[in-house]
Amino acid sequence: PKPTPKPTPKPTPKPTPKPTPVPTPKPTPRPTPKPTPKPTLKPTPVPTPVPTKPCYKFNLGVENVLKHAGINVNGKSADDKRNECIVFNIEHSSDGVKHFQGMDNEENEGCAAASITLMANGYSQHALLKLSSDAQRNTLIVKTSQCSGQSVAWLQSQPTLTIAMLMNQGGCCR
């Protein structure tokens, strides 16, 4: 008879080794820097302001209108002041000499004030040369109505100088 084999003994579990302690770090010779702080957010930039336009205080009188175009007529005769205004209007409109000579002083002052005001609102002298004084007046009426709340019909009944004055005050002047 053959001997019965002996069962193989069950392996004994190996004990888990104890962890090796991490060695204590050596002290640094100087103090360590403080941790870097969290970055601060950049402040929101101030919005770019809406560009402003020049606003003029027109008054009756050639010298009170032309001074806003940089033209000094103080000390000149009434005829010379009128002629300076007519020359300015010719240089800023498609109308000719006879057209402006046929106007009274207040009408000429109004045409000059309209041209000065339209230039302050983005029209170039070149663009104004393509427009008659009537077309400039109508353009000024529409723009003034939009910012002043005055009706087009009412503005049409006003002298051009008055319309230019309105376009240079209140909600029309920013």
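Whatever comes next refers back to the structure up there.
Nothing here was measured: the structure is a model prediction, and the numbers come from that model.

Reading the values: the criteria
Residues numbered from 1 in each chain as written. Predicted model: local features only at pLDDT ≥ 70, side-chain atom pairs only at ≥ 80, totals over all residues. Heavy atoms only, no water. Disulfide = S-S within 2.5 Å. Helix = DSSP H or I, 4+ residues; strand = E, 2+ residues; numbered from the N terminus. Buried < 20%, exposed > 50% of the residue type's maximum accessible area, 1.4 Å probe, protein only. Salt bridge = Lys/Arg side-chain N within 4 Å of Asp/Glu carboxyl O. Axes fitted to C-alpha atoms, helices over the stretch in contact; angles between N-to-C directions. Parallel < 35°, antiparallel > 145°, perpendicular 65-115°, else oblique. Left-handed = near helix turned anticlockwise from the far one by under 90°. Contact = heavy atoms within 4.5 Å. Core = buried A, V, L, I, M, F, W, Y, C linked by side-chain atoms within 4.5 Å. Expected span 1.5 Å × (residues − 1). Polar contact = N/O pair within 3.5 Å; in protein donor to acceptor, adjacent residues only side chain to side chain.

It is worth spelling out the state of the cysteines at this point. In the structure shown here, the tally under the stated rule is two disulfides. Residue Cys-147 pairs covalently with Cys-172 via a disulfide, S to S 1.9 Å. Across the S-S bond linking Cys-147 and Cys-172, the dihedral sits near 95 degrees, which makes this disulfide right-handed. Of this pair, Cys-147 sits in helix 6 (residues 133–148) while Cys-172 sits in the segment after helix 8 (160–167), and the two are 25 residues apart along the sequence. Since its relative accessible area comes to 26%, Cys-147 is described here as partly exposed. By sequence order of its bonded cysteines, the chain has the disulfide arrangement 1-4, 2-3. Left unpaired, Cys-85 is separated from the closest cysteine sulfur, that of Cys-111, by 7.9 Å. Of the residues examined, Cys-85 reaches a relative accessible area of 1% and is grouped as buried. Note on Cys-111: relative accessible area 10%, which makes it buried.

We now examine the pattern of salt bridges. Considering all chains together, one arrives at two salt bridges under this definition. Between Glu-63 and Lys-81 there is a salt bridge; the shortest N-O distance is 3.2 Å. Here Lys-81 lies in helix 2 (residues 78–90) and Glu-63 lies in helix 1 (residues 62–66), a separation of 18 residues in the sequence. Using a relative accessible area of 25% as the deciding quantity, one classes Glu-63 as partly exposed. The shortest N-O distance in the salt bridge between Glu-84 and Lys-76 comes to 2.9 Å.

Along the chain, Gly-122 falls in the loop between helix 4 (105–120) and helix 5 (125–129). With 69 residues separating them along the chain, Gly-122 and Lys-53 place their C-alpha atoms 8.7 Å apart.

The subject of this paragraph is the packing of helix 4 against helix 8. For the pair helix 4 and helix 8, the least separation of the axes is 7 Å and the interaxial angle reads 30 degrees. Taken together, the axes of helix 4 and helix 8 are roughly parallel relative to one another. At the point where helix 4 passes helix 8, the crossing takes the left-handed sense. Contact residues: helix 4 offers Glu-109, Gly-110, Cys-111, Ala-113, Ala-114 and Thr-117, while helix 8 offers Thr-160, Leu-161, Ala-164 and Met-167.

Core analysis: the largest hydrophobic core is formed by 23 residues, its most contacted members being Phe-58, Val-65, Leu-66, Ala-112, Ala-113, Ile-116 and Leu-140. Among the secondary structure elements, those contributing two or more residues to this core are helix 1, helix 2, helix 4, helix 6 and helix 8. Looking at this core, the element that brings in the most residues is helix 4, giving six residues. When residues no more than four places from it in sequence are discounted, the contact partners of Leu-140 are Ala-114, Thr-117, Leu-118, Thr-160, Ile-163, Ala-164 and Met-167.

Structurally, the α-helix is built with 3.6 residues per turn, so residues lying three or four positions apart point the same way. Over its 16 residues, helix 4 runs 22 Å from end to end, which matches the ideal 22 Å to within 8%, given 1.5 Å per residue. All buried positions along helix 4 are accounted for by Asn-108, Glu-109, Gly-110, Cys-111, Ala-112, Ala-113, Ala-114, Ser-115, Ile-116, Thr-117, Leu-118 and Ala-120. The backbone nitrogen of Glu-106 lies 3.2 Å from a side-chain oxygen of the residue at the head of helix 4, namely Asp-104. Count one or two residues on from helix 4 and you reach Gly-122, which has phi positive near 105 degrees.

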